[in-house]
Amino acid sequence: MVQEVKQYRIGVLALQGAFAEHINLLKHLPDVAEVVEVRTAQQLEDPSLDGLIIPGGESTTMALVAEASGVFEPLRKFVQTKPTWGTCAGLILLAKEASKTKKGGQKLLGALDVSVNRNNFGTQIDSFIANLTIPCVGEKPFACFFIRAPVITYINTETVEPLVQLDDGTIVAVRQGHLVGTSFHPELTADDRFHRYFLQVVRECQANV
């Protein structure tokens with residue numbers, strides 16, 4: 001007897017940034033029944049939304065747009081309990097603390113018990129690709145795109161698990177239960193293994209409810 005594959009409704013916060021690339025990758029995964037472009041509080045409050053990706057972009061702008069559109073507080077509530085993955089700017093928004101913020105500071109969701117340093121490697125021209133081994137997605141090296149990327153400067157080791165480190169030990173991806181954060185952009189490659197990993201996180205969280 002063939003076991004039916006559970007399919008999920010996955011949202012991508014579509015207020016600003018590189019949300020289209022995440023959507024394109026998710027649409028090709030057999031475990032995804034529907035991809036939702038999340039722009040309203042009502043979408044975040046829908047209990048059938050199984051998980052959410054907060055994409056890369058400009059974290060300050062993303063927070064301002066979320067606040068102006070009435071999405072920030074529902075988003076803060078969502079990430080407390082529902083599977084959420086933040087890439088680059090999304091990682092910054094999930095963090096409890098961020099340094100090198102713009103004048104006036106950076107409003108954060110504060111769910112992921114880490115500190116991050118914004119634009120750690122410099123400006124756009126300092127972007128680079130690193131082929132890194134990521135145990136949670138397999139032995140084959142993963143092409144990690146770092147674009148004005150943050151790095152993780154502190155983690156609460158009691159609750160947060162490092163997933164990826166650079167050769168110098170700098171942490172660039174973590175998991176904290178239902179939350180995942182990456183400094184790099186897995187959506188900019190055709191390699192869907194990290195998106196599959198996030199679906200595994202969704203699956204595990206639902207199994208533990």
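These numbers come from a predicted model, not from an experiment.

Colleague: What is the right way to look at the side chain of Ser183 in this model?
Modeller: Within the fold, Ser183 resides in the loop between strand E12 (179–182) and helix H6 (193–207). For Ser183, the side chain forms a polar contact with the main-chain oxygen of Pro150, separated by 2.8 Å. Other than its neighbours up to four places away in sequence, Ser183 contacts Cys88, Leu91, Phe146, Ala149, Pro150, Val151, Ile171 and Val172.

Colleague: Explain the packing of aromatic side chains here, please?
Modeller: The relation between two aromatic rings is expressed through the spacing of the ring centres and the mutual angle of the planes. Taken as a whole, this structure holds seven aromatic pairs when the rule is applied. Plain terms: the ring middles of Trp85 and Phe198 are 5.8 Å apart, the flat faces sit at 45° to each other, and that makes the pair tilted. Taken together, the residues Trp85 in strand E4 (residues 84–87) and Phe198 in helix H6 connect sequence positions 113 residues apart. Given a relative accessible area of 1%, Phe198 falls into the buried group. Ring centres of Phe184 and Phe194 lie 5.9 Å apart, and the angle between their planes is 85°; on these two criteria the pair is classed as edge-to-face. You can see Phe184 sitting in the loop between E12 and H6 and its partner Phe194 sitting in helix H6, a full 10 residues away along the chain. By relative accessible area, which is 0% here, Phe194 ends up buried. Members of the aromatic cluster, joined through ring pairs, are Trp85, Phe128, Phe142, Phe146, Phe184, Phe194, Tyr197 and Phe198. It is Lys107 that lies over the ring of Phe72; its NZ or CZ is 4.7 Å from the centre.

Reading the values: the criteria
Residues numbered from 1 in each chain as written. Predicted model: local features only at pLDDT ≥ 70, side-chain atom pairs only at ≥ 80, totals over all residues. Heavy atoms only, no water. Helix = DSSP H or I, 4+ residues; strand = E, 2+ residues; numbered from the N terminus. Polar contact = N/O pair within 3.5 Å; in protein donor to acceptor, adjacent residues only side chain to side chain. Contact = heavy atoms within 4.5 Å. Phe/Tyr/Trp six-rings, centres within 6.5 Å; stacked < 30°, edge-to-face > 60°. Buried < 20%, exposed > 50% of the residue type's maximum accessible area, 1.4 Å probe, protein only. Lys NZ or Arg CZ within 6 Å of the ring centre and 35° of its normal.

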